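Survey of secondary and tertiary structure
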Amino acid sequence: MQRRVPDLLPPLASGAGCLLLTGCNWSQSVLAPRGSHAEAIDGILRVLFIGGALIFSLVAVLLATAILLRPSLRAWMASNNFIIGFGIVFPVITLMALLTFSSVVSRTMNGISDPKIRIEVIGEQFWWRVNYLDGQGNPALATANEIRIPVNTPVEFILKTQDVIHSFWVPSLAGKLDMIPGRTNRYTFAATSPGVYRGQCAEYCGDQHALMAFYVVAVPQADYESWFAEQVGNAAEPTTPLLRQGRDLFLAAGCGSCHTIRGTPADGTLGPDLTRVGSRLSIAAGTYPVNVGTLAGWTSSAPHLKPGNLMPSFGNLGGEQLRAIAAYMESLK
Amino acid sequence: MTVVGDRSEERTAERKPANRFPNEVPRPEGELNELRKPWVPPRGWRILSAVNNTYVGLAYIATGLIIFILAGVLAVLMRTQLATPENDLIDYALYNQLFTMHGTMMMFLFAVPIVEAFAVLLMPNILGTRELPFPRLSAYAFWIYAFGSLAFFFTLFFGVAPDTGWFMYTPLSDARYSPGINADMWLLGIGFIEIAAIAGAIEIIVGFAKTRAPGMSIDRIPVFAWAMLIFALMIVFAFPALILGTILLEIERALGWPFFMAEKGGDPLLWQHLFWFFGHPEVYIIFIPAAGMVSTILPAMAATPLVGHRLVVLALITMGVISFGLWVHHMYATGLPQLSLGFFSAASMSVAIASGIQVFAWIATIASGRLKLKTPALFIVGFLIVFTMGGLTGVMVASVPFDLQVHDTYFVVAHFHYVLVGGMVLPVLAAIYYWYPTVSQKQLSERVGRWVFGLFFIGLNATFFTMHITGLMGMPRRVYTYLAVMDWGALNLISTFGAYMMAAAIALLVFDIVRTFRFSFSDTVGNIWDAGTLEWMRTYTYGTRSIPEVDSRYPLWTRPELSDETDEGRYYLPGTLTGRREALVTSPIDARPVYVMQVPGPHWGPFLAGIATTIFFYLLTFKLVLPAVFFGVVAVALILWWVWDLDHGPVRRPAHIGGGLVLPVYTSGSVNHSWWGTVTLLLVQGAFFTCLVFSYFFLWLVNPHSWPPPGVSMPSLAWPAVAAALYAASSAAIFFAGRALARPSSGALQLLFPSALLLFAAAVGVQVYSEWQTGLRPTQHSYGAMVYLFGALQGFLGGVLLVMAGFTMARSLAGKLDAVRRVTFDNTMLLWHYATAQGLVAVGIVSLFPRALG
């Protein structure tokens, strides 16, 4: 089940365009399936690509024959029977086969149920709010822009939106599903190999649609459980004067009116929960890696880096203060 | 020579004995001069008042090409921005406007209009008529298109161009998330250009049905004309959904009536259904005429009749019908039930059969003849390759699971550019090279043509084949930048390079057109392809000297002398009967001559009304309502001004047109071309209303337990009963007015029309007030919004009836209306009865349906 390296078809398909020129990033590729749905779709993809290539070759050969060969060799083509044979009978048969195959795959994909974990993902302009739900459907853990799941365990994603339409898509794991105002879409699938998979908003949602990504981190079940147990607790207490200064500045600057850091007075919910922001792979929805530099830069000039997002600029803070806040956030692991 | 296919039959068709021509030669002296006089085109700057199909058609094509170039420049800008990762050449705000404008302009302002432009230019000659039935309407359509689309383009320079995508999904495009006027620019700017598309469609449908050369029976109509008919019918049924959608969204934005806001009982998916119910047929609206062009060009280039002519026509019709059942395949990822997805998946794949028939018919045709590999043929061979590829990826995305991966990625961008650039732009380029000799004294250079083709074809594949891979590697559409770490840079750079090649090809083509184009009617390059269809005959401002009789699908092949004989005046109507512009009207199925239609000539109305209409809509965009109303009234007045001197009546007795045929110069009732035009317009209105009813039921399904919402009480049944009675009474008054036409002096008409208007107004008033007095308001919930929208639509129709009633009464007072000369009245009557029927249905649904739910 676990295919490590993309096998024959993807390199062939992407050929010179990609592999030869650069080492490729496969973390967001349809061609490197690592999830139940993505693998099922990959089966269809192979049939479609090979079949498509064969049919295209057939048409090209017929066309070349019609243009280039001697009249006596192509006279057989100039008839209604040729049109009916290739234009009606042949497509009817192939399409019926394809449709059947396609619906069987659809059914197997929908057959994946009995989720062990329920995660609510809410699209916002331009980031992802993530709530792990408990057995009663109440939020048990809030985070943002990153979803950790155990491998080989069906997970139900409950997809909603806070504002406009977004689309939830992790190509390595599954096809996309929209997040539509007034509706709740549900989607159950499992990752089949551990790894870090990138997802990106696939429905145009406004100014910064281009920079609305997230990560799904699939880990072994035991790792997941210990991670979860760690995450639900309060934020780490600052241990150095710098970090304490950072926390105090964070609270004094009013960051807490939009962001939550559990265990501190910061309990805003407008923006992403920052309780474990230092442990995440990215800030600004998959746009920057997490380190003191990017955190400080983002704090001082978010409206400039990602215009149209709701985070205001804290450029009024001095370099020392920014560094302290960034260091504090970076310590929140 | 090896003869295959059915050309042998065509070639050996019976020769016409010399004495069997409809008219004798030599023709009487002065006849030609009389024919020529009314067709003399306006000179100098007065050319703006020209309505002749050739002038309008050429200006239309030129404007379409300008839009194509402008929208192409936007694409080149986008490709430049995406050439490298994290590029900061173009910021998000401009980029989002660029992709919105590129898509909108290519789809609405290039693809559809340029096809209509080709129809306006070529249809009369292909059908063998002097003119299509409504030249002034065509001219008006052209002007609003020309002014409207240039104004729309210039919004880019003021930063107010729409930026929510050509698909305008709500709620992103609603007043909360797009408070600027950018979205209004789209809704109003595009909305009114659809008027032009519909006007063109009416012209094409009636022209196809009524103005064919005698003998061009249903089986002998060139595929080009068939394709145009299907194209036009699809516009009639598809565009109303878009127009309704834009009206609903604009009302929601401007007045706050909730149709799409989820928290007030609306649904964003309603927009998607309406948009794609238009948007999917739109793809075929664009492709079908192009396919018709290919089916017409290819026989000439291969010097053989189209193999499988009937199969091809059937495939076109099938494609047109099926394309209305596919819209949901743009919505696979919205979470619709699996069963309905299966249905739409099957329907989507079945379109491949209709395409397959045509592709193999074209290959069979090439095999049957001998393809002359001149530039038009090169573009067609390129088209076959690219379109096949696009068709195959189309089957792929019709598969639901596969589509869930590639939907809204660059794979889909690649797919539809293969279909649209391959399926539509390549045939249009072929058409430009192919038909250029019919209007220019000099043909385009064959040598340059090969370069244009080579650059364009390679550039196209470099740009878009690469995008398949880019999409599979995970790159979504509509992103202004991407991170370097994603490794999409190399692929994007190739695409950008290919885009530059395509741009170079188009630049080369423009250069060659500027170099070679010398307009002429009769002194053109002529039939250099040895084609068999009628547009290659010698033509003048008035079309051919006489109207030829057609006895095969390729009249110039079965009878090479036809052009000369026609030019000598041996065929029908070699002169003029009324001294005005005229065209021969034939019966729809077997093309027997029925009457001689008096065709309107040059007029300033279309040009000026085009300006006024454009100003009206752009003032509305800026919410300058009063000035807008002023220009709206001016536009209507200008339209009435040009309509006033139509409907000449039976200015003379029936006369000979040759071949022993004596035809009237005027008819009324269902034979009349204007009656057909009105009925087609009612089909548009009916489709619009049907979409509205669909929306009503759709919103009910979204709110099954609050329809009406809690706290809303419905008016008692007496109210709708009164409204229905008033509607019926107003129609009855019009019925009696029709009887009174026989006695124009009695004054009954002047009494009945105002009464009918009052009754209609009262009906609308009762319909609306009955809801108002219950306390229902349109802004609270989608239920109220729908109820009042039904009323508003009746009110709008009432306004139209007011104008038409006033016009009809004025004609009666001016002595231009009587029991015979009654086309004006008939058209008003048709609309009236329609408006009544629609009112009855609306009142019935609104008052009975919620009750039926219990």
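Relevant structure appears above.
These lines cover the structure that appears in this document, whether it is placed above or below.

Reading the values: rules and limits
Along each chain, numbering runs from 1 in the same order as the chain's sequence is written. Think of it this way: whatever chain is written first is A, whatever ligand is written first is 1, and the rest follow in order. Totals for whole chains, interfaces and linings use every residue, but because this is a predicted model, local features are given only for residues with pLDDT of at least 70 and side-chain atom pairs only at 80 or more, for both listing and counting. Side-chain numbers come from the whole structure's heavy atoms, not from hydrogens or water. The secondary structure listing takes helices from DSSP runs of H or I that are at least 4 residues long and strands from runs of E that are at least 2 residues long, numbered from the N terminus. The contact definition used throughout considers only heavy atoms, calling two residues in contact when any of these lie within 4.5 Å. For any pair of parts, buried area is found by adding up, for both, the accessible area (1.4 Å probe) each one loses once the two are put together. The rule for a salt bridge is simple: a side-chain nitrogen of Lys or Arg has to be within 4 Å of a carboxyl oxygen of Asp or Glu. Whenever a nitrogen or oxygen atom comes within 3.5 Å of another N or O atom, the pair is scored as a polar contact, on the condition that within protein one atom can donate a hydrogen and the other can accept it, and that pairs from neighbouring residues in sequence are kept only if both atoms are in side chains. In this text, buried Ala, Val, Leu, Ile, Met, Phe, Trp, Tyr and Cys residues form a nonpolar core when linked through side-chain atoms within 4.5 Å. Only protein chains enter the accessibility calculation, which uses a 1.4 Å probe; a residue is then buried when its area is under 20% of its type maximum, exposed when over 50%, and partly exposed in between. Think of it this way: DSSP has to see at least two bridges between two strands before they count as a pair. Here, axes are lines fitted to C-alpha atoms. For helices the fit covers the stretch in contact, and angles between N-to-C directions go from 0 to 180 degrees.

A word on unusual backbone geometry. Cis rather than trans, the peptide bond between Gln-125 of chain A and Phe-126 of chain A has omega equal to 5 degrees. Among the secondary structure elements, Phe-126 of chain A is positioned in the loop between strand E1 (117-124) and strand E2 (127-133). In this chain, Trp-707 of chain B is followed by Pro-708 of chain B through a cis amide linkage whose omega measures 5 degrees. Here Pro-708 of chain B shows up in the loop between helix H20 (673-702) and helix H21 (718-740).

Quick look at the interface of chain A and chain B now. Counting from both sides, the interface comprises 86 residues of chain A and, opposite them, 87 residues of chain B. Contact between chain A and chain B buries roughly 6900 Å² in total, counting both sides, with carbon and sulfur atoms accounting for 72%. Joining chain A to chain B, the criterion identifies two salt bridges. One salt bridge connects Glu-203 of chain A with Arg-478 of chain B, and the closest N-O pair in it is separated by 3.9 Å. Linking chain A to chain B there are 20 residue pairs in polar contact (both at pLDDT 80 or more). Only helix H1 (9-18), helix H2 (36-68), helix H3 (71-74), helix H4 (80-111), strand E7 (174-179), strand E8 (185-189) and strand E9 (195-200) of chain A provide two or more residues apiece to the side of chain A that touches chain B.

Attention shifts here to the nonpolar core. A general trend in soluble globular proteins is that nonpolar side chains are found buried together. Core analysis: the biggest nonpolar cluster contains 359 residues, and Ile-147, Phe-157 and Phe-168 of chain A together with Trp-435 of chain B have the highest contact counts within it. At 24 residues, the largest contribution of residues to this core is made by helix H4 (residues 92-127) of chain B. Beyond its immediate stretch of four places on either side in the chain, Trp-435 of chain B contacts Phe-118, Leu-122, Ile-126, Phe-224, Met-293, Thr-296, Ile-297, Glu-535 and Trp-536 of chain B. Core analysis: the second largest hydrophobic core is formed by 25 residues, Ala-266, Ala-284, Ala-296 and Phe-314 of chain A among them.

In this section: the sheet that holds strand E4 (residues 146-150) of chain A. All names here are of chain A. Pairing within the open sheet is mixed, and its three strands lie in the order E4-E10-E9. Unpaired on one side and paired on the other, E4 and E9 mark the two borders of the sheet. Here the strands of the sheet are splayed against their neighbours by 25 degrees on average, with no regard to which way each runs.

Attention now moves to the side chain of His-273 of chain B. Within the element layout of this structure, His-273 of chain B appears in helix H8 (residues 268-302). Leave out the neighbours within four places in its chain, and His-273 of chain B touches Trp-327, Val-328, Met-331, Phe-694 and Phe-698 of chain B.

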